[in-house]
Amino acid sequence: MTEHSSPIPGNALARLAEALGSEPKRKGPPPVERWNPAYCGEIDMRIASDGTWHYMGTPISRPALVKLFSTVLRKDPERYVLVTPVERVGITVEDAPFLAVEMAVEGDGESRQIAFRTNVDDLVQVGPEHPLRFDRDAHGGVKPYVKVRGELWALVTRSLALDLVAMGEERRVDGVGSFGVMANGIFFHMASSDEWDAL
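Bear in mind that the values here come from a model prediction, so they are computed numbers and not experimental data.

Caption draft 1: Representation of the overall build of the chain in the model. Of the regular secondary structure elements, the chain holds four helices and 15 strands. When burial is assessed residue by residue, the chain has 47% of its 199 residues classed as buried. The contacts in the chain between residues at least 6 apart in sequence include a share of 54% that link residues at least 24 apart.

Structure (structure tokens):
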């Protein structure tokens, strides 16, 4: 099927839920990276910047349904898609698809361990497979994200972002002053020392 961007019929939500419900139960999320069905167009689904999922302009009020769809979300090079073994549909994501809503911290310095729970109950421990990244918001402030899986990231909520910043420290990296946070033996760069002083 040729890729296109026209909306597909409004029963798409029910069809997707039915397809997912027929999948055998497994531990962990489905292997969406291995599925490559035909692209069937876009559905009117949007993940708002506050983490709320909307379908046809209305928030999806059932957390279990949101969690179900979150397990088959994937970031393709050109768009976010929901993927089942038989179809692939595009959706809109305003910022990151997930929010990091809880944080647990153990230890300090090189031995510090940081873990997050997302709004759809993914648990991730910061490290090589789940790195932190720090972008800038519209006002020049810091927006932290943690990688959940594939190319899917969770935006760290503002209160937790402040806690992350409070753990920050200055280090010399390749001869340049850097402000960042240490977790799992890795130093995650937030900003250069000069940039940080200007924030």
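What follows continues from the structure just given.
Caption draft 2: Representation of the sheet that holds strand β3 (residues 58-59) within the structure. Reading across from one edge, β3-β2-β1-β6-β5-β4 is the order of the six strands in this open sheet, with mixed pairing throughout. Strand pairing shows two members of the sheet lacking a second neighbour, β3 and β4 (73-75), which therefore form its edges. Where strand β2 (residues 53-55) lies against β3, two bridges are found, and the strand directions are antiparallel. Within β3, the position partnered with His54 by the bridge is Pro59.

Caption draft 3: Here's a closer look at the pairing of strand β8 (residues 113-118). Of the two faces of β8, the one holding Ile114, Phe116 and Thr118 is buried and the one holding Gln113, Ala115 and Arg117 is not buried anywhere. Note that strand β7 (residues 98-106) and β8 share six bridges and pair antiparallel. Each residue of the ladder has a partner; that of Glu102, found in β8, is Arg117. In this antiparallel pair of consecutive strands, β7 and β8, the connection spans six residues, and Gly107 shows a positive phi of 80°. With three bridges joining them, β8 and strand β9 (residues 123-125) adopt antiparallel strand pairing. The partner of Phe116 across the bridge, within β9, is Val124.

Caption draft 4: Representation of the confidence of the model for the chain. Looking at the chain, the pLDDT average stands at 86 and 85% of residues meet or exceed 70. Least confident of the elements in the chain is helix α1 (residues 12-21), whose mean pLDDT is 58; most confident is strand β12 (residues 152-156), at 98. Counting interchain partners and residues more than four positions distant, the pLDDT-below-50 stretch residues 1-10 has 21 contacts.

Caption draft 5: Seen up close, helix α3 (residues 158-166). What α3 keeps buried is the set Leu160, Ala161 and Leu164. Buried residues of α3, viewed axially, fall in a sector of 105°; they line one side. When the buried face of α3 is taken as reference, the exposed residues oriented beyond 90 degrees from it are Arg158 and Ala166.

Caption draft 6: Spatial organisation of the sheet that holds strand β15 (residues 186-192). What the three strands build is an open sheet, ordered β13-β14-β15; its pairing is antiparallel. The sheet is open, and its two edges are formed by β13 (169-173) and β15, each paired on a single side. The average angle at which neighbouring strand axes cross in this sheet is 50°, direction not considered. Two strands pair when backbone bridges link them, and strand β14 (residues 176-183) and β15 are joined in this way by six bridges, in the antiparallel orientation. Across the sheet, Phe179 pairs through a bridge with Ala191, a residue of β15.

Caption draft 7: Summary view of helix α2 (residues 63-70). The complete set of buried residues in α2 reads Leu65, Val66, Phe69 and Ser70. When α2 is viewed along its axis, its buried side chains cluster within an angular range of 135° and face the same direction. The outward face of α2, more than 90 degrees from its buried face, is lined by the exposed residues Pro63 and Ala64.

Caption draft 8: Molecular detail of unusual backbone geometry. Its identity as a non-glycine residue notwithstanding, Met56 has a phi of 55°, on the positive side. Along the polypeptide, Met56 turns up in the loop between β2 and β3. With a phi angle near 70°, Asp121 is a residue other than glycine that sits in the positive phi range.

Rules of the game
Residues numbered from 1 in each chain as written. Predicted model: local features only at pLDDT ≥ 70, side-chain atom pairs only at ≥ 80, totals over all residues. Heavy atoms only, no water. Helix = DSSP H or I, 4+ residues; strand = E, 2+ residues; numbered from the N terminus. Buried < 20%, exposed > 50% of the residue type's maximum accessible area, 1.4 Å probe, protein only. Contact = heavy atoms within 4.5 Å. Pairing = 2+ DSSP bridges. pLDDT = per-residue confidence, 0-100. Arc of directions from axis to C-beta. Axes fitted to C-alpha atoms, helices over the stretch in contact; angles between N-to-C directions.

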